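Architecture and fold: a report
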Amino acid sequence: MEAHPFRLLRNLGRTREIMVVLLNHGFGDVVDRVGLSTYWRRMKRLVSRKPLDAPPKLKAVERIRLSLEALGPTYIKFGQVMSTRPDLIPAGMIAELARLQEHVPPFPAEEAVEILECELGAPISRLFAAFDRVPIAAGSLAQVHKAVHHDGTALAIKIRRPNAERNIERDLSLMVELAALAEKHIAESKVFDPCGLVAHFARTIRRELNFAREARTMEDFRRMFRNDATLRIPQVYPDLVTESVLTMEFVDGYRIDDYMQLGCPPCPPAEVARNGARIFMKMAIEFGIFHGDPHPGNLRITPDGTVCLLDFGMVGILEERTREQIVDLLQAVNSRDVEAAVNVVLTLGEPFRSVEYGLLRIDIQDFLANYYGVELERMHVAQMLTDFVAILSAHGLRCPPSVMLLVRVLVTLDGVGRRLDPGFNLATELQPFIERLVRDRYRPGRIAHRLAVDGQRLLGAARELPIQINSTLKKLNNDSLQVHLDHQGLDHFTLEVERSSNRLVVGMIVAALILASALILPRGGTNTFWFSLPVYLLSSLLGVWLIYGIFRSGRL
C-alpha cells in the first residue's frame, strides 16, 4: 500500500493534532522515522498554537494508551478492537489497551430530536407517546434515550452522533496513510501488520455505524434462540429503524455487580454463570455466529434471572471449516498428538514470516504436556488459550480475526463467570458442546452430505479443466501467453546498481572538471580563457547540481 502525503495535508488540522499528541507522549522518534517530521516543520509556524508539553515518564504501553485516549473516540475504538488480536499485539499492551476508557459527553437533546424526525420522517410527538430528552447512556458512536411507544411499551432509542460517519472516515483515511508510512519506514512494524490491522478495524467500525445492520443481527439472534428461555434479546421495531436510529424494547435488568449485591436473588449467580456460558457456546459451536463483545456493560440480568444481551455491533462468524479445525486441535490436545496439533496450527494460522518447524514442534509438545491429563475441574481455559496464542505469535503465525475474537470472548466469559461464581469453570460448560460436535462430525448423514459436496466440487473442477486447457493452448498459439515472474530481492539489486551508476557518474564529472582545470585555464590565451571559463563554470554548476541531487535522493 503506497502512502499519499497529500491526504495528510488535506486534513491539516487533524494531522497536526496527531503529531502533537505523538510528540507530547514521547513518540518523536516515530514521527521522524515515518517522515512526518518534515510536514511538522513546515506546518509548525502556520498552525502551532501552543508549545509542546514534555513527554510523560511512563512505560511505552502506557504512553500508547494515553495517546489513543487523547486522539479521541475513533482511536479509542481502534485500541479496543486491537485488544482482540493477541496473536499480533504483546500481552502487556493487550492488558493496557483493555483500560481504554471513553469520556464522551452527550450531544444536545435538540440535535437528537432533529435526527429522529429527519430519519423517521415524522414529528417526535407522532413517533412516540413520550420521549426522555436526558440520555441514559452516551458513547463515541451514539447515545441512548428512553421513550414510550404508543402501545405503552418502554423503548430504548440508539441515535448516532451527528457527523460521526464523516469524522470516522476522516480518521480512517489518516490511519491508512500512517499505517502505510509505518510499513514503509519502520521495518519492525511489519510484524504487527499495520495495514491489515487498520483494514480489520475499518470493517468493524463501519459495521457498528450501520444500525440497520445491527437490527437485522438482533432479529437473527432472536430467531435462533426463540425457544431458549434463558436468553432475552430486546425486540426491534423495524419501522423505527434506519442506519442512524435503532429503536428497541427497553429491558430493565441488573448489572452483574448489582445482581451480586441482591440479598436473595431469584436465580443463583452460579446458575446465571452457567446459563451465560451455555448460551455463548451454543452461538459459536452450533450456529457459528456469536456476540463479539460480552463485557459486563453489555450484559443485563433480568429480575427472573434471565440473561439479556445488548449492543450487537460487533459479531463474530465461525465458518464450518474453522469450527472443525478447532475440534481437531482440541482432539489433538486430548490425545497428546503433537503431529496432529502442529498440522492444525499450520493450517489454521497464516504465516507472515518463515516458520521454524522444529522449534514450533517443541513448543507445541510443551503446550500439550502442560494441559494433557489435567482434570476438567482444574482446567483454566483462559490461560490455555492465552498460552496457545502466545505460541502462534512467537512463530510468526497469524490467526483468522474471527478465531481471535472467539478467544477474547471466551477469556471475557471466564472472567465474568468467575465474578458470578468463584467456582465457575468454563471447561465443564464447553465439554458437552465439543463432544456433540465430534459426534455430529461422524454422523452417517453428515458424512454423506460432505461426500456429495466434495463430489460436486470435483465434478465442477473436471468440467472446467478442458476449458482451461483449451484457453491456455489458444493463448500459446496466438503468442499472447504471459508468464509473471516475482523476483525476490530484485528491488534491492536494482537499488545497488543505481547507486553504483550514480557513483560512477559523479566520479567521471569530478575527474573531467579536474582535467579541464588543469589543461585549459593555465595554458589558454586571452581569447580561449574568456571562452573556456564560462564553459568550465557552467560544467561545475551542473556537476554540483547533479551531486546534490544524488545526495538528496539518499542513493549515493
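The following paragraphs examine the structure supplied in this document. (Residues numbered from 1 in each chain as written. Predicted model: local features only at pLDDT ≥ 70, side-chain atom pairs only at ≥ 80, totals over all residues. Heavy atoms only, no water.)

**Some points on the overall build of the protein**
We count it as follows: Numbered from the N terminus, helices here are DSSP runs of H or I no shorter than four residues, and strands are runs of E no shorter than two. The buried label applies to any residue whose accessible area, calculated with a 1.4 Å probe on protein chains only, is under 20% of its type's maximum; exposed applies above 50%, and partly exposed to all values in between. Contact criterion: two residues are considered in contact whenever any of their non-hydrogen atoms come within 4.5 Å of each other. For the accessible areas, the method is Shrake-Rupley and the probe is 1.4 Å, while residue cover comes only from the protein chains on display.
The secondary structure content of the protein amounts to 23 helices and twelve strands. Relative to its full complement of 556 residues, the protein shows a buried share of 42%. Residue pairs in contact within the protein that sit at least 24 positions apart in sequence constitute 70% of those at least 6 positions apart. For the protein, the exposed surface amounts to about 31,000 Å²; the carbon and sulfur share of it is 56%.

**Some thoughts on the sheet that holds strand β8 (residues 299-301)**
Applicable threshold: Pairs of strands are assigned from DSSP output, requiring at least two bridges between the strands. In this description, a line fitted to the C-alpha atoms serves as the axis of each element, helices being fitted only across the stretch in contact, and the angle between N-to-C directions of two axes falls anywhere from 0 to 180 degrees.
Strand order in this open sheet of three strands is β5-β9-β8, and the pairing throughout is mixed. Edge positions in the open sheet fall to β5 (231-232) and β8, since each of these has one partner strand only. Sheet topology places β5 next to strand β9 (residues 307-309); two bridges connect them, and they run parallel. Across the sheet, the residue bridging to L231 is V307, located in β9. Strand contacts of helix α14 (residues 269-287): β5, β8 and β9, with the helix running at about 45 degrees to β9, the strand carrying the most contacts.

**Remarks on the environment of H380**
Its location among the elements puts H380 in the loop between α17 (357-371) and α18 (381-394). Once residues within four sequence positions are removed from consideration, H380 is found in contact with D414 and R418.

**Some points on the pairing of strand β4 (residues 154-160)**
Where burial is concerned, most of β4 is hidden: six out of the seven residues are buried. Across seven bridges, strand β3 (residues 142-148) lies against β4 in antiparallel orientation. When the bridges of β4 are listed, A147 appears paired with L155. Between β3 and the antiparallel strand that follows it, β4, lie five residues; G152 among them carries a positive phi value of about 95 degrees. Where β4 lies against strand β6 (residues 245-249), five bridges are found, and the strand directions are antiparallel.

**Regarding helix α10 (residues 164-185)**
Operational definition: Here a helix's expected span is defined as the number of its residues, less one, multiplied by 1.5 Å.
For α10, which comprises 22 residues, the first-to-last C-alpha distance of 31 Å matches the rise-based estimate of 32 Å (1.5 Å per residue) to within 8%. The complete set of buried residues in α10 reads A164, I168, D171, L172, S173, L174, M175, E177, A179, A180, L181 and A182.

**Notes on the packing of α10 against helix α11 (residues 194-209)**
Applicable threshold: Relative orientations are named as follows: roughly parallel for angles under 35 degrees, roughly antiparallel for angles over 145 degrees, roughly perpendicular for angles from 65 to 115 degrees, and oblique for any other angle. Here the term charged refers only to Asp, Glu, Lys and Arg, the term nonpolar to Ala, Val, Leu, Ile, Met, Phe, Trp, Tyr, Cys and Pro, and the term polar to all other amino acids, Gly among them.
Where α10 contacts α11, the axes come no closer than 9 Å and their chain directions differ by 170 degrees. Between α10 and α11, the crossing angle belongs to the class labelled roughly antiparallel. Residues A164, E165, I168, E169, L172, M175, V176, A179, A180 and E183 of α10 form the contact with α11, whose own contacting residues are P194, C195, V198, F201, A202, I205, R206 and L209. Taken together, the residues that form the contact of α10 with α11 break down as 14 nonpolar, no polar and four charged.

**Details of the packing of aromatic side chains**
Put simply, the test is: Only centres within 6.5 Å qualify two rings of Phe, Tyr or Trp (six-membered ring in Trp) as a pair; their planes then separate them into stacked at under 30 degrees, edge-to-face at over 60, and tilted for everything else. Criterion for a charge above a ring: Arg CZ or Lys NZ at most 6 Å from the ring centre, at most 35 degrees from the ring normal.
This structure, assessed with the given rule, holds six aromatic pairs. A cation sits over an aromatic face here: K146 above F250, 4.3 Å from the ring centre.

**Some details on the nonpolar core**
Put simply, the rule reads: The definition of a nonpolar core used throughout is a set of buried Ala, Val, Leu, Ile, Met, Phe, Trp, Tyr and Cys residues joined through side-chain atoms within 4.5 Å.
Among the nonpolar cores identified, the biggest contains 109 residues, and F201, L246, M283, F290, I364 and F367 are the most heavily contacted of them. Not counting the four nearest positions on each side in its chain, M283 is found in contact with F221, F225, L231, G288, I289, F290, H291 and L309. Counting residues in hydrophobic clusters, the runner-up holds 18 residues, among them F107, A147, L155 and Y237.

**With respect to the packing of α17 against α18**
In the contact formed by α17 and α18, the axes pass within 11 Å of each other and the chain directions differ by 175 degrees. Taken as axis vectors, α17 and α18 run roughly antiparallel relative to one another. On α18, the residues that touch L360, D363, I364, F367 and Y371 of α17 are Q383, M384, D387, F388 and I391. By residue class, the composition of the contact of α17 with α18 is seven nonpolar, one polar and two charged.

**Section: a positive patch on the surface**
Put simply, the rule is: For patch building, the residue pool is restricted to those with more than 30% relative accessible area and no salt bridge; the joining distance is 9 Å between like charges and 5 Å between nonpolar side chains (Val, Leu, Ile, Met, Phe, Trp, Tyr). Take a side-chain nitrogen of Lys or Arg and a carboxyl oxygen of Asp or Glu: if they are within 4 Å of each other, that pair is a salt bridge. Positive: Lys, Arg. Negative: Asp, Glu. His and the chain ends are not part of the count. Every charge is mapped to an atom, namely NZ of Lys, CZ of Arg, CG of Asp or CD of Glu.
The grouping of R203, R207, R213 and R216 at the surface amounts to a positive patch. Every element with two or more residues in the positive patch is listed here: α11 and α12 (211-224).

**Description of the pattern of salt bridges**
Think of it this way: side chains of opposite charge can pair up when their charged atoms draw near. The final tally for this structure, using the stated rule, is 13 salt bridges. Close ionic contact of R206 with E169 constitutes a salt bridge, the shortest N to O distance being 3.0 Å. Of this pair, R206 sits in helix α11 while E169 sits in helix α10, and the two are 37 residues apart along the sequence. In this structure, D414 and R418 form a salt bridge, with 3.0 Å as the shortest nitrogen-oxygen distance. Taken together, the residues D414 and R418, both in helix α19 (residues 401-420) and four residues apart, mark about one turn of the helix. For D414, a relative accessible area of 3% gives the class buried. With a relative accessible area of 29%, R418 lands in the partly exposed category. One connected set of salt bridges, linked through shared partners, spans K158, E214 and D311.

**A word on a negative patch on the surface**
Together, E110, E111, E114 and E117 line one region of the surface with negative charge. One can find E110 in helix α8 (residues 109-120). Assessed through its relative accessible area of 55%, E110 is described here as exposed.

**Considerations on unusual backbone geometry**
In the Ramachandran plot, N163 falls in the positive-phi region, its phi being about 65 degrees despite a non-glycine side chain. If you trace the backbone, N163 turns up in the loop between β4 and α10. Take N163: its relative accessible area is 44%, and that puts it in the partly exposed class. Look at D311: it is not a glycine, yet its phi comes out positive at around 60 degrees. Summarising the element assignment, D311 is placed in the loop between β9 and β10 (315-317). Residue D311 is classed as partly exposed on the basis of its relative accessible area, which comes to 30%.

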